[in-house]
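Descriptive structure summary
Each chain is listed here by its residues.
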Amino acid sequence: QVQLVESGGGLVQPGGSLRLSCAASGSIDSIKAMGWYRQASGKQREWVARISSTGYTSYADSVKGRFTISRPNAKNTDLQMNSLKPEDTAGYYCNAVLHDFNDYWGQGTQVTVSS
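Starting afresh in each chain, residues are numbered from 1 along the sequence in its written order. Restriction of local features to residues with pLDDT of at least 70 applies here, the model being predicted, together with a cutoff of 80 or more for giving and counting side-chain atom pairs; totals for whole chains, interfaces and linings are based on all residues. Side-chain measures here rest on the full set of heavy atoms in the structure, leaving out hydrogens and waters.

**Description of the state of the cysteines**
- Criterion for a disulfide: a pair of cysteine sulfur atoms within 2.5 Å. Counting across every chain of the model gives 1 disulfide.
- The partner cysteine of Cys22 in its disulfide is Cys94, sulfur to sulfur 2.1 Å. Torsion about the S-S bond of the Cys22 and Cys94 cystine: about -85 degrees, corresponding to left-handed handedness. Of the two residues, Cys22 is situated in strand E3 (residues 18-26) and Cys94 in strand E9 (residues 90-98); the sequence distance between them amounts to 72 residues. For the residue pair Cys22 and Cys94, the accessibility class agrees, reading buried in each case. Comment: elements are numbered from the N terminus, with helices defined as DSSP H or I runs of at least four residues and strands as E runs of at least two. Any residue under 20% of the maximum accessible area for its type is buried, any over 50% is exposed, and the rest in between are partly exposed; the area is computed with a 1.4 Å probe on protein chains only.

**As for the sheet that holds E3**
- The pairing criterion is simple: DSSP has to find at least two bridges between the two strands. Overall, antiparallel pairing links the 4 strands, which are arranged E1-E3-E8-E7 in an open sheet. On the outer flanks of this sheet lie strand E1 (2-7) and strand E7 (67-73), each paired with one strand and no other. When strand polarity is set aside, the average angle formed by the axes of neighbouring strands in this sheet is 20 degrees.
- Where E7 and strand E8 (residues 76-81) come together, 5 bridges link them in antiparallel fashion. Across the sheet, the residue bridging to Phe67 is Met81, located in E8. For helices, the axis comes from a line fit to the C-alpha atoms of the stretch in contact; other axes are also lines fit to C-alpha atoms, and the angle between any two N-to-C directions lies between 0 and 180 degrees.

What follows is the structure, encoded as structure tokens:
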């Protein structure tokens, strides 16, 4: 099993930046990929970005060029969010997919983009 804890959310003005972090514990060596999802109020959860164990990254079109996912070590993944827009307002959730294809979620961190 893997436990995930997100941090770094908050209130930011449009055009600003935030950096989210996700710390994993437990069966870290079993993690195949880590990613971020978000869920705005009244909407379905949507995929934002993913990074594989080999460092391959992919992004949703809505954040491409503004967000950057990284994995500085086996336990952590970060999401650098620049040029934030009000439509980026959502709860952001860290996700880990294991080699056995089980996946785990963090509790989420709120990002609010507003003037």
